[in-house]
Amino acid sequence: MSKTKISVIVWNEFQHERENDAIRAIYPDGIHHAIASALRETPALQPGALPLEIGTATLDQSEHGLSEARLADCDVLLWWGHKAHDQVSDAVVERVQRRVLEGMGLIVLHSGHFAKIFRRLLGTNCSLKWREADEKERVWVVEPSHPIAAGLGEYFELPNEEMYGERFDIPQPDSTVFISWFEGGEVFRSGCTWERGHGRIFYFRPGHEAYPTYYDANVQRVLANAVQWAAPRVNIVDRCPMAAPLERLSPKQISFSKVGIQQNKGDIE
Ligand code: ZN
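Below is a summary of the structure that appears in this document. Worth saying up front: this structure is predicted, and the values here are computed from it rather than measured. (Residues numbered from 1 in each chain as written. Predicted model: local features only at pLDDT ≥ 70, side-chain atom pairs only at ≥ 80, totals over all residues. Heavy atoms only, no water.)

### Points about helix α5 (residues 90–102)
Selection rule: Helix and strand labels come from DSSP, where a helix needs a run of H or I of at least four residues and a strand needs a run of E of at least two; each type is numbered from the N terminus. Multiplying 1.5 Å by the residue count of a helix minus one yields the expected span of that helix. Buried means the residue's accessible area, taken with a 1.4 Å probe over protein chains only, is under 20% of the maximum for its type, while exposed means over 50%, and partly exposed covers the values in between. Working rule for contacts: check all heavy atoms of both residues, and any pair within 4.5 Å makes them a contact.
Helix length check: α5 (13 residues) gives 18 Å between terminal C-alpha atoms against 18 Å at 1.5 Å per residue, within 8%. Here α5 has its buried residues at V92, V93, R95, V96, Q97, R99, V100 and E102. Packed against the buried residues of α5 are α4 (68–72), β3 (76–80), β4 (105–109), α6 (116–122), β8 (187–196) and β9 (199–204). In the segment just after α5, G103 is the residue with positive phi, at about 140 degrees.

And the structure:
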């Protein structure tokens, strides 16, 4: 693929910010706009990184802002959802899943661990322990060579976050980039990668709506790195074709073929 940019959609269910004054005070334009601004303002660290073209989409839009045409152009989709997972239409979930299998990157944030699309792609419950108690979170970088950890120190801290604790019911990640420790004692695999089909998936834990987490410079660095990492390498539409043989087959073998192999008929006559 000879692309000149990475097309990014930041998807947000956009419910808390409209219903709760305290949360709206933190994210007046919605979490999606805070993340989009962060991605615009955080330069890529990788040499030769493509520029980002960033848009947003929300639950209340037609087809949740994720029409067939819009997703076809999307290289990396970020997903923040919490209280309205069940309102996401199955048709859109299937469409996103198909695009991931074709090569689109997907970054699932915080409470998106219960999003239909995340559970569909991973195939497990994705359940965890949680607690809202204004706890400090220390995010340990356990794979410093991973591109998503570029530019970070040995760890970074968020002064107040919701606690997520193990066991996180996910399939074994391809890479566990971050492990969080919380003031109350729990730990959590807070940065995990998988591949499904041709697409890359990254789950990143921090981002509870009641805290200004998406304004944190380290969190913004992780998201910027993750977009570059998750960008498609290929875009392959699924097919399941009957294939002509590469080598000459005998007339007997051809006669076994239930559908008939027209392509090398000339070879065997
Ligand atoms: Zn939360």
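### Some thoughts on the nonpolar core
Looking at soluble globular proteins, one finds that nonpolar side chains tend to be buried together. Selection rule: Only buried Ala, Val, Leu, Ile, Met, Phe, Trp, Tyr and Cys residues count toward a nonpolar core, and they belong to the same one when joined by side-chain atoms within 4.5 Å.
Membership of the largest hydrophobic core comes to 37 residues, with the highest contact counts inside it found for L39, L78 and F178. Broken down by element, the residue count for this core peaks at eight residues, all from helix α7 (residues 217–230). Sequence-distant contacts of L39, that is, excluding residues within four places in its chain, are made with V8, V10, L52, I54, L78, L223, A224 and V227.

### A closer look at the layout of surface pockets
Stated precisely, the cut-off is as follows: Buried and open spaces are told apart on a 1 Å grid over the protein atoms alone, a cavity being a set of points where a 1.4 Å probe fits but cannot get out and a pocket being an open set with protein on both sides within 12 Å along at least five of seven lines. Residues with an atom within 4 Å of a point are the lining residues. Grid points are joined across faces, edges and corners, and a volume is the space filled by probe spheres set on the points. The residue classification treats Ala, Val, Leu, Ile, Met, Phe, Trp, Tyr, Cys and Pro as nonpolar and Asp, Glu, Lys and Arg as charged. All others, Gly included, are polar.
A volume near 190 Å³ is recorded for the largest pocket. Counting residues per element, the ones that place at least two in the lining of the largest pocket are β5 (129–141) and β6 (155–165). Class assignment for the residues of the lining of the largest pocket results in four nonpolar, six polar and two charged.

### Describing the packing of aromatic side chains
Stated precisely, the cut-off is as follows: Aromatic rings from Phe, Tyr and Trp, taking only the six-membered ring of Trp, are treated as a pair when their centres fall within 6.5 Å; an angle between ring planes under 30 degrees marks them as stacked, one over 60 as edge-to-face, and anything in between as tilted.
Inspection of every chain in the model, using the stated rule, returns twelve aromatic pairs. Their ring planes at 20 degrees and their centres at 5.9 Å tell us that F202 and F204 sit as a pair that is stacked. Pair check on accessibility: F202 and F204 agree, each one buried. In textbook terms, an aromatic cluster arises when at least three aromatic residues are bridged by ring pairs, as seen for F118, Y164, F168, F188, W194 and Y203.

### Comments concerning the coordination of the zinc ion
Our working rule: Any N, O or S atom lying within 2.8 Å of the metal counts as a donor, with the limit raised to 3.2 Å for Na, K and Ca; because water is left out of the atom set, some sites can appear incomplete.
Protein ligation of the zinc ion involves H110 (NE2), E162 (OE) and H208 (ND1), the donor distances falling in the range 2.0 to 2.1 Å. Mapping the donors of the zinc ion onto the primary sequence yields the spacing H-x51-E-x45-H. Highlighted residues: E162 in strand β6 and H208 in the loop between β9 and α7, separated in sequence by 46 residues. Of the residues examined, H208 reaches a relative accessible area of 2% and is grouped as buried.

### Notes on the sheet that holds strand β7 (residues 175–182)
We count it as follows: Any two strands with at least two DSSP-identified bridges between them are counted as paired. Geometry is summarised by axes, namely lines fitted to C-alpha atoms with helices restricted to the contacting stretch, and by angles between N-to-C directions that run from 0 to 180 degrees.
Pairing within the open sheet is mixed, and its nine strands lie in the order β2-β1-β3-β4-β9-β8-β7-β5-β6. In this open sheet, the two edge strands, each paired with only one partner strand, are β2 (52–58) and β6. In this sheet, neighbouring strand axes are inclined to one another by 25 degrees on average, regardless of whether the strands run parallel or antiparallel. When β4 meets β9, the two strands line up parallel, connected through four bridges. The partner of I107 across the bridge, within β9, is F202.

### A few points about the environment of I9
One can find I9 in strand β1 (residues 6–12). Remark: the alpha-carbon pair of I9 and E161, spanning 152 residues in sequence, is separated by 25 Å. Look past the residues within four positions of I9 in its chain and what remains in contact with it is G55, T56, A57, L66, R70, C74, V76, L77 and L78.

### Remarks on the environment of I170
Examined against the element boundaries, I170 turns out to sit in the loop between β6 and β7. The exposure class of I170 is buried, given its relative accessible area of 3%. Each C-alpha atom of the pair I170 and H113 lies 9.3 Å from the other, and the pair is 57 residues apart in sequence.

### Notes on unusual backbone geometry
Across residues other than glycine, the phi torsion is negative in most instances, and most of the peptide bonds are trans. The peptide bond linking E166 to R167 adopts the cis configuration, its omega dihedral lying at 15 degrees. Residue position: R167 is located in the loop between β6 and β7. Phi is positive for E63, which is not a glycine, with a value near 55 degrees. As for its placement among the helices and strands, E63 is situated in the loop between β2 and α4. Even without being a glycine, C126 presents a positive backbone phi close to 60 degrees. Relative to the elements of secondary structure, C126 occurs in the loop between α6 and β5. By relative accessible area, which is 0% here, C126 ends up buried.

Honestly, it's all geometry; don't read function into it.
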